[in-house]
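Chains, contacts and geometry: an overview
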Amino acid sequence: MINRILRLGLIFILLILLQVLLFNNIQFSGYVNPYIYILFILLLPVEIPTWLLLIISFLTGFTIDIVSGTIGMHTSATVLAGFVRPYVLRITSPRDGYEPGADPSMMIYGFRWFLIYASIIVFIHHIALFYLEVFRLADFFRTLLRAILSSVFSVSFIALLEYIRKGK
Amino acid sequence: MRNLLNFLAKYNHLIVFLVLEGIALYMLGTANNYHNTRIVKGIRGLTAGFEKRVSNARSYFHLREISQSLSRENASLKTTIERLTQKDDHLFFSVADTIRHQHYTYTSAEVVNNSVNRQKNFFTINKGKMQGMSVDMAVISGDCVAGVVVGCSNNYSVAMSLLNLDFRLSARLKSNGYFGSLSWDGKDYRHAILSEIPQHVTFGIGDTIETTSYSAVFPEGIVIGTVSDFEKSGGDFYTIKVKLANDFRKLRFVSVVGNLMREEQLELEKQFQ
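Everything quoted here is computed from the prediction, not taken from an experiment. (Residues numbered from 1 in each chain as written. Chains lettered and ligands numbered in written order. Predicted model: local features only at pLDDT ≥ 70, side-chain atom pairs only at ≥ 80, totals over all residues. Heavy atoms only, no water.)

With respect to the overall build of chain A
Each helix and strand counted, chain A has seven helices and zero strands in total. Reading chain A from its N end, one meets helices and strands in the order α-α-α-α-α-α-α. The buried share among the 168 residues of chain A stands at 47%. When contacts within chain A are restricted to residue pairs at least 6 apart in sequence, those whose partners lie at least 24 apart make up 69%. Of the accessible surface of chain A, which amounts to about 8,400 Å², a share of 71% is contributed by carbon and sulfur atoms. (Helix = DSSP H or I, 4+ residues; strand = E, 2+ residues; numbered from the N terminus. Buried < 20%, exposed > 50% of the residue type's maximum accessible area, 1.4 Å probe, protein only. Contact = heavy atoms within 4.5 Å. Areas by Shrake-Rupley, 256 points an atom, 1.4 Å probe, with all protein chains shown as cover.)

Shown next, in the form of structure tokens:
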């Protein structure tokens, strides 16, 4: 149990550093900003209580907000992602359910399952994030395109990271 | 109570979610200039649109009162024009005479000091020589007699109030034109005395008393008040108690009236005395 918390803490720190030092500096033609820190929310244990999940989401988003100077933006989007996670888990549950005590990771449930699970949550997170960022409906479709493109990149990077972790 | 607890237990994650999301959005709105501005702008636009509708509806319901007040204003403006233009009853006049039509000048002023409880009351207005005031100009308040200027400094003037034992004014009954002398008896700031109206004249309580232009101070037809009581005094005259139209306790905005032809009139009259 302690071991698991420590490992999640390590993942948290690594993802925040990756996000802030590397991915925040990536901008393809103003349309694509990948946000991979959301992987941390994806990797939390299946049986975690919803209130704890929400508070962890809040703190994760808040950390990103503080280091990137966008108070409240990532927090709102990440809390929303944390809120929809239990429903997404229920929709995408494998035929024989989730193993008790296991992380929802690619290692255990396979690439295809992880891709669907990650895509839904990342997409919801990005939609919320990008619309909160522009905060107007004037450029509705442009913002939608940005959210979709960024989601594609984020999911790719998340899958890559998960693949590396699996190989480790 | 149990239902409430059940409800809370059932929706606990929804409540936690709403609380946290609320905090996050609140931070978003307050900590970021851009978002804050957008929100304030949006709310202002919303309330402005709503208020515009409400005030539209309200002004529609008030149309009646508005039109009444407009017509009242119209009437008073018309009388002002009437007073300012002299009747054209002579055929020849100098083309270069630019003030031919103008008999009186009007200057607005504000009362800065006033009294009503002495026997000789004066009030002070905030216009003086620099603003064209001079002695013997008339002071009226809302088309009613207030007093006469008796002294000017550069920026202030002192006027003798109608409520002064030394104040004398030529006044007449509007209904039939008989004139008498108006003065104050020093008793009550709401009433003055009109004397020297002959006893054969008929009039009633409520008749209007107005100024004549005999003194060359007040324009003709400025309201003084209404008849509130009268009695026979001595042999041939009435003593009429006049209820003043002005409330001298509330005197605030006044107009000072200058007679541009006063000098001419007095000079001519002097030759025959």
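Re the side chain of Q19 of chain A
The residue Q19 of chain A is located in helix α1 (residues 2-22) in this model. Among residues more than four places away in sequence, those in contact with Q19 of chain A are N24, P34, Y35, I36, Y37 and I64 of chain A.

Notes on the interface of chain A and chain B
Contacts between chain A and chain B engage 22 residues on the former and 17 residues on the latter. Seen at the junction of chain A and chain B, the total is zero salt bridges. Listing elements by their share of the side of chain A that touches chain B, those giving two or more residues are α3 (50-68), α4 (73-91) and α6 (111-134) of chain A. Examining the composition of the side of chain A that touches chain B, we find that seven residues originate from one element, α4 of chain A, more than from any other. (Salt bridge = Lys/Arg side-chain N within 4 Å of Asp/Glu carboxyl O.)

Remarks on α3 of chain A
Note that an α-helix has 3.6 residues per turn; residues three or four places apart therefore point the same way. Taking 1.5 Å of rise per residue, 19 residues should cover 27 Å, and α3 of chain A covers 27 Å from first to last C-alpha, within 8% of that figure. If you check which residues of α3 of chain A are buried, you get L53, L54, S57, F58, T60, G61, I64 and D65 of chain A. Mapping the buried residues of α3 of chain A onto a view down its axis gives an arc of 165°, with all of them on the same face. In this structure, the buried side of α3 of chain A is in contact with α1, α2 (39-43) and α4 of chain A together with α2 (12-31) of chain B. (Expected span 1.5 Å × (residues − 1). Arc of directions from axis to C-beta.)

Description of the pairing of strand β10 (residues 223-233) of chain B
Two faces, one strand: in a regular strand the side chains alternate between the faces of the sheet. Residues and elements named next belong to chain B. Note that strand β9 (residues 208-211) and β10 share three bridges and pair antiparallel. Along β10, the bridge assignment pairs E210 with V223. The sheet contact formed by β10 and strand β11 (residues 237-244) spans eight bridges and is antiparallel. Residue pairing for β11: E231 is matched across the bridge by T239. Counted between consecutive antiparallel strands, the loop separating β10 from β11 contains three residues, among which G234 sits at a positive phi close to 60°. (Pairing = 2+ DSSP bridges.)

Concerning the packing of α3 of chain A against α2 of chain B
Packing of α3 of chain A against α2 of chain B leaves a shortest axis separation of 9 Å and a crossing angle of 15°. Considered as vectors, α3 of chain A and α2 of chain B are oriented roughly parallel to each other. Crossing of α3 of chain A against α2 of chain B: the hand is right-handed. Between α3 of chain A, through T50, W51, L54, I55, F58 and F62 of chain A, and α2 of chain B, the contact on the second element is made entirely by H13, V16, F17, L20, I23, A24 and M27 of chain B. Grouping the amino acids of the contact of α3 of chain A with α2 of chain B by side-chain chemistry returns 11 nonpolar, two polar and no charged. (Axes fitted to C-alpha atoms, helices over the stretch in contact; angles between N-to-C directions. Parallel < 35°, antiparallel > 145°, perpendicular 65-115°, else oblique. Left-handed = near helix turned anticlockwise from the far one by under 90°. Nonpolar A, V, L, I, M, F, W, Y, C, P; charged D, E, K, R; others polar.)

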